[in-house]
Amino acid sequence: MPQDPMDFEWSYWIEWGRERILWLLAGHLLVSQVSRLFVEKYKPWCLMVYGMAACWSLLGIKGFAVILLHAAISFAVAQFQLSLLTWLCSLILLSTLRIPAVEETKRKWYDTENEYYLLLFTVSVRCLFCTSFSLEYCWHAPTQKSSHSFPWMLAYVFYYPTFHNGPLVNFDEFSKQMRRQEAFSLKTNLSILIVGIIRIFFWWCLAELMIHLMYIHALYSSALPLESASYWALGGLALAQVLFFYVKYLVLYGVPALLLRMDGLKPPALPCCVSLMHSFTKMWRSVTV
């Protein structure tokens, strides 16, 4: 049965996931568990090197260089310890993504538009992580800055489970939890992994069922069926769309959240069910924080 092709985000990430990203995430999981088992002290650096290698593999040396350059510029600006300057730096770096000459140059690096869009999405999300690091560097006293070194920034920026699409984890929480050394149980982690995979598979099946049977986004792309629909039908379509949005992000954020747990970190809460909310502002906060 043909699926609704109008939800670009879902189709895009599922295609990339099947092709390469899921394999790279599986590699991260393997490196993480081996480092936790044998070299817990060096786990952040093992994961940093793996994240850099995965970035290089997927985005090429030029894409890798762009992200590294953004991180270096953000770190240099953070040394002035001015929050306003940090925000200006982040906005300027983001604005470079919309300069026509820069866009055209980056497009020439890749064979397909999908590869270029992957760089675009990744750089945008990495900019959030660079901003988090820089702001927390500005806010901390000089005695607390020992953990805010450039290698730690790279470990944070190139942490692969959150690399392409988030969710956002602030730097203080990341570094505090990454430094913490705790007892490692392969059996416990295996049970967490199995339960997590079953949940994500269920959510993915539900999302695929919705996109193959309901055609919510295709209906919204045409004015004719909407004009002829009753108010009750329009309300039902609106509810169906936000419910699909909720299920979609259970999958897109559920995968990195599972890997965060496997790494011994506490992931951000997954989105709340929209049917339980009276205000959509809470939905955005729960999805993006």
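If you look the protein up in an unreviewed UniProt entry, it shows as HHAT palmitoyltransferase from Mohoua ochrocephala. In UniProt, the protein has this text filed under Subcellular location (unreviewed entry): "Endoplasmic reticulum membrane".

(A) Quick peek at the pattern of salt bridges. Per the stated rule, a full pass over the model turns up seven salt bridges. The partner of R36 in a salt bridge is E40, with the nearest N and O atoms 4.0 Å apart. Under the relative-accessibility criterion, R36 is labelled buried at 6%. Residue E40 is classed as buried on the basis of its relative accessible area, which comes to 13%. Between E113 and R107 there is a salt bridge, and its shortest N-O distance comes to 2.9 Å. One network of salt bridges, with partners in common, ties together D7, E9 and K248.

(B) Seen up close, helix α11 (residues 231-252). The end-to-end C-alpha distance of α11 is 31 Å, a good match for the 32 Å that 22 residues give at a rise of 1.5 Å each. Burial in α11 covers these residues: L237, A240, F244, F245, Y246, V247, K248, Y249, L250, V251 and L252.

(C) A nonpolar patch on the surface, seen in detail. On the surface, L30, V34, L37, F38, V39 and Y42 cluster together into a nonpolar patch covering about 610 Å² of accessible area. For V39, the location among the structural elements is in the loop between α1 (8-38) and α2 (43-78).

(D) Local environment of the domain arrangement of the protein. The assigned domain composition of the protein is domain 1 (9-180) and domain 2 (185-287). Centre-to-centre separation of domain 1 and domain 2, based on C-alpha positions: 25 Å. Counting from both sides, the interface comprises 25 residues of domain 1 and, opposite them, 23 residues of domain 2. Counting each side, the surface lost to burial between domain 1 and domain 2 is near 2100 Å², with a carbon and sulfur contribution of 63%. With a shortest N-O distance of 3.0 Å, K248 and E9 are connected by a salt bridge. Seen at the junction of domain 1 and domain 2, the total is 12 residue pairs in polar contact (both at pLDDT 80 or more). Here the element with the most residues in the side of domain 1 that touches domain 2 is α1; it accounts for 11 residues. Tallied by class, residues from the side of domain 1 that touches domain 2 come to 13 nonpolar, seven polar and five charged.

(E) Up close: the packing of α2 against helix α5 (residues 113-139). Interhelical geometry of α2 versus α5 gives an angle of 20° and a closest axis separation of 9 Å. Classified by the angle between their axes, α2 and α5 sit roughly parallel to one another. For the pair α2 and α5, the sense of crossing is right-handed. Facing L58, L59, G63, V66, I67, H70, A71, S74, F75 and A78 of α2, the residues of α5 in contact are L118, L119, T122, V123, R126, C130, F133, S134, Y137 and C138. Residue classes in the contact of α2 with α5 are distributed as 14 nonpolar, five polar and one charged.

Calculation criteria
- Residues numbered from 1 in each chain as written.
- Predicted model: local features only at pLDDT ≥ 70, side-chain atom pairs only at ≥ 80, totals over all residues.
- Heavy atoms only, no water.
- UniProt positions renumbered as here; feature names shortened; annotations may be inferred.
- Salt bridge = Lys/Arg side-chain N within 4 Å of Asp/Glu carboxyl O.
- Buried < 20%, exposed > 50% of the residue type's maximum accessible area, 1.4 Å probe, protein only.
- Helix = DSSP H or I, 4+ residues; strand = E, 2+ residues; numbered from the N terminus.
- Expected span 1.5 Å × (residues − 1).
- Patch = residues over 30% accessible without salt bridge, like charges linked within 9 Å, V, L, I, M, F, W, Y side chains within 5 Å.
- Areas by Shrake-Rupley, 256 points an atom, 1.4 Å probe, with all protein chains shown as cover.
- Domains from an automatic or database assignment.
- Contact = heavy atoms within 4.5 Å.
- Buried area = accessible area lost by both parts, 1.4 Å probe.
- Polar contact = N/O pair within 3.5 Å; in protein donor to acceptor, adjacent residues only side chain to side chain.
- Nonpolar A, V, L, I, M, F, W, Y, C, P; charged D, E, K, R; others polar.
- Axes fitted to C-alpha atoms, helices over the stretch in contact; angles between N-to-C directions.
- Parallel < 35°, antiparallel > 145°, perpendicular 65-115°, else oblique.
- Left-handed = near helix turned anticlockwise from the far one by under 90°.

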